[in-house]
Amino acid sequence: RVLPISPAFRYAFFKFILPEMTPRWRTKPSDVIAHLLGHEGQGSLFEELKKRGLALELSAGTWIDAGGWNLFGVDIKLTEKGVQPESIEEIGELLFTYIQILQTQGIAEIHHKERKIMADLNFKFQSMSGAMNHCQRVARNMQNLPSDYVLSGDGRCFEFDPAECQEIIKCLNVSNCLVLVADSSAVDACDQVEQWYQTKYSKGPLSDATRQRWEACAQADTKEKAEAQAKERGIFLPPPNPFLPDDVSLRPITGELPPYPVHLTDDGKEPVVQIYHRQDGTFKQPKCQIMMRIATAFTAVGDVRRTVLTKMWADCLEEGLSSYAYDAQVARLAYTVSIMERCILVAVSGYNDKMPTLIAKVAEAMASKDDVPVAIWDRVKERYRTQLQEAIAKQPPVQQTVQLMNKVISQFSFTPEQKLETLEALDRSDLQGMAKNLFDDCFVEMLAQGNLTPEETRACAKSLLGPLEVKRKFEKIPVEKFARIDTNLGVMVEKGRNAEEPQGCVIGLMQVCDNNDIDKCSMLQVAVQCMSQECFTKLRTKQQLGYMAGAQAYGSVISSLIIFVVTPKNPQMVQRRMAAFLDTRLKELSSGDLSEEEFQQYRGAVITEMSEKHKSLSEEFGENWEEVVSRRFTFGRRLRQIEFLKTLTKDKFEQFLKDTLCETKAVWMRVEQHAAPDPEEDGTAPEAPDAPVMEPEALAAFRERAQWVSFDDSIVSNVSSI
């Protein structure tokens, strides 16, 4: 047993030593074994562990493969119940029961065939990877594989060898098993300390009772006995995967494809959904991506209870579908239902052949997910509780500082403490009527791209939204709103959530322009390029204020410049130096100190980055989705920015800096360590005067009088592109 740092880190690791797999690259026996042990569908080990309230997550596979051996593991994230010693015995018994099925039945050829089909498809239709990752992968494969297979040998499965699989399965036995349990409650049991990180632990052989219980699973030494034993414990091998794509043909293209998504007009009825579609003619893969943004009046009021309740509804939905949807995930067909402030996001992506089947099942669950089983509610609530407790106790300083910034500029922003308090007060019965609450007054915007025709896109929308019986009553879409900062607000200060965290964080925010102003947004990108390199050089390298330091553009409604440093030093001193750097650098850039050659380099770097072509459908979809979710609908915005930047002169850029950034007051957010180091007033770097600390009353007064700006909230927006 090991004593973890975080009380929420509860795991059981079952480790086995196997022969090295690299020489077995043609058959990959450990991959198919890992697939079966890590399966999450009906009858799986994980499904049974969840039913018994013992596990939250499970994965299986290789940790190390080198030097003649392989470290193979089944890793299980545990519930509070699952970490108890008697539960570990129960988990081990179920694991070795499943292994005994494999031992007596062997690996069925259908399971190998399914893995081979997907491996071949994924290799054939893989997206372009980054140059660095590709080179590293190929260089590694050149050491281990024949030259003809350096591109395909690590991913594809070429042969099926049942005897070799059996050889590997025989190694998965109790005598060859190391069990590691991470348990924060095992303080008294962990009586040893390792020398490097002073981690407390204990070690010893399995108890006789535990060993006998686990080894008894192997006594079911025939196929019939093993099946009966497994059936009694709720376990069986997975049936054939119904989501494997059969049709991977590309849809025919009629006429000239538009370069950007187009708005599919409705049938003249009052609009409840706006659909944007682009059939792919670039990447030529039998895949598509669909995203729906469901703006709902239920979550529009900024109520923390409704926000937490909607998240619980979405998480229970996914948990209830997890065993069904796992086969789809294996077949590279995925969906998510998530929430943002004021809306629900539904995403589906992957091979498009069986996508309608998955969409129909998701829609059915969304329409009826009121009566949630107790086990699912308890499991989801414990998982969410753990996430919030970790955020409260161990939230990284940079995340806490961004959250502090949202307290200033976001209309609705809830802390982990508020969400946890709300969660604890919720009951399973609170989900009654949620589908009606969410979909009785909503508006849907959908983007579909890939191997889909307009007709298929409309059919997907109908199959998802039809069962929900969506209605729209509001005239304006509920959208996020952000405060426009028009005065010197000073600095927001908080102590870090983690008392033992040695790092603090400082962020400075300067609001620059409306995001719809493409010219100013483009010049802001050049300003960020000018600032970020110097920020890294001076604040990180020369002054050594922190390992993470930089500047970037931020914001989807109001485009802003933020400068940030994550620091082990005194954050108050760091903030003064950041403010001095910001003031000095802006004066340099706007007063003629920037040479024409330097300007051309900075401008050229931005143009080069923006001109890089998309490597995958996902990248192209992401750019277009940003236009939908921000409700700008300016498809082709990036190319418009490039055209503007090509004509941008140094004089115009300097004038922009003088008129905007130099006249903009920064608001500062600072998260301090509990034991912040003393300031280093050594005179080696300039420091600005201290900014006044913003008290809660001053923040409340600002938010009361602030001008709140938002996305376009009209029901039907104009779609434009270059």
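Residues numbered from 1 in each chain as written. Predicted model: local features only at pLDDT ≥ 70, side-chain atom pairs only at ≥ 80, totals over all residues. Heavy atoms only, no water.

1. Examining the pattern of salt bridges
One pass over the full model with this rule turns up 45 salt bridges. Here Glu-48 ties to Arg-52 by a salt bridge, and the two come within 2.9 Å at their closest N and O atoms. According to the relative accessible area criterion, Glu-48 is buried, its value standing at 10%. For the salt bridge of Arg-293 with Glu-445, the shortest nitrogen-to-oxygen distance reads 3.8 Å. A residue pair is termed long-range when its members are at least 10 positions apart, and Arg-293 in strand β9 (residues 287–296) and Glu-445 in strand β12 (residues 442–450) qualify at 152 residues. Classification of Arg-293 as buried rests on a relative accessible area of 3%. (Salt bridge = Lys/Arg side-chain N within 4 Å of Asp/Glu carboxyl O. Buried < 20%, exposed > 50% of the residue type's maximum accessible area, 1.4 Å probe, protein only. Helix = DSSP H or I, 4+ residues; strand = E, 2+ residues; numbered from the N terminus.)

2. Notes on the packing of aromatic side chains
All told, the structure shown has 17 aromatic pairs when counted by the stated rule. Ring geometry for Phe-125 versus Tyr-351: centroids 6.5 Å apart, planes at 70°, classification edge-to-face. Of this pair, Phe-125 sits in the loop between α4 (109–124) and α5 (131–144) while Tyr-351 is found in strand β11 (residues 343–351), placing the two residues 226 residues apart along the sequence. In this structure Tyr-351 comes out as buried when scored by relative accessible area, which is 3%. Taken together through their ring pairs, the aromatic side chains of Phe-9, Tyr-11, Phe-13 and Trp-63 make up a single cluster. For Lys-287, the ring lying beneath its charged end belongs to Tyr-351, and the centroid distance is 5.2 Å. (Phe/Tyr/Trp six-rings, centres within 6.5 Å; stacked < 30°, edge-to-face > 60°. Lys NZ or Arg CZ within 6 Å of the ring centre and 35° of its normal.)

3. Considerations on the pairing of β9
Counted residue by residue, β9 has ten buried out of ten residues, so it is predominantly covered. Neither face of β9 is exposed, since Lys-287, Gln-289, Met-291, Arg-293 and Ala-295 on one face and Cys-288, Ile-290, Met-292, Ile-294 and Thr-296 on the opposite face are all buried. With nine bridges joining them, β9 and β11 adopt antiparallel strand pairing. The residue bridging Lys-287 from the neighbouring strand is Tyr-351, located in β11. Note that β9 and β12 share nine bridges and pair antiparallel. Looking at β12, one finds that Ile-294 is bridged to Val-444. (Pairing = 2+ DSSP bridges.)

4. Some details on the pairing of strand β16 (residues 548–554)
Alignment of β16 against strand β17 (residues 558–567), held across seven bridges, turns out to be antiparallel. Following the sheet pairing, Tyr-554 is matched in β17 by Ser-560. The hairpin turn running from β16 into β17, its antiparallel successor, is three residues long, and Gly-555 in that turn takes a positive phi close to 105°.

5. Comments concerning unusual backbone geometry
Positive phi, normally seen in glycine, also occurs at Gln-198, with a value near 55°. By secondary structure assignment, the location of Gln-198 is in the loop between β5 (192–193) and β6 (200–201). For Gln-198, a relative accessible area of 51% translates into the label exposed.

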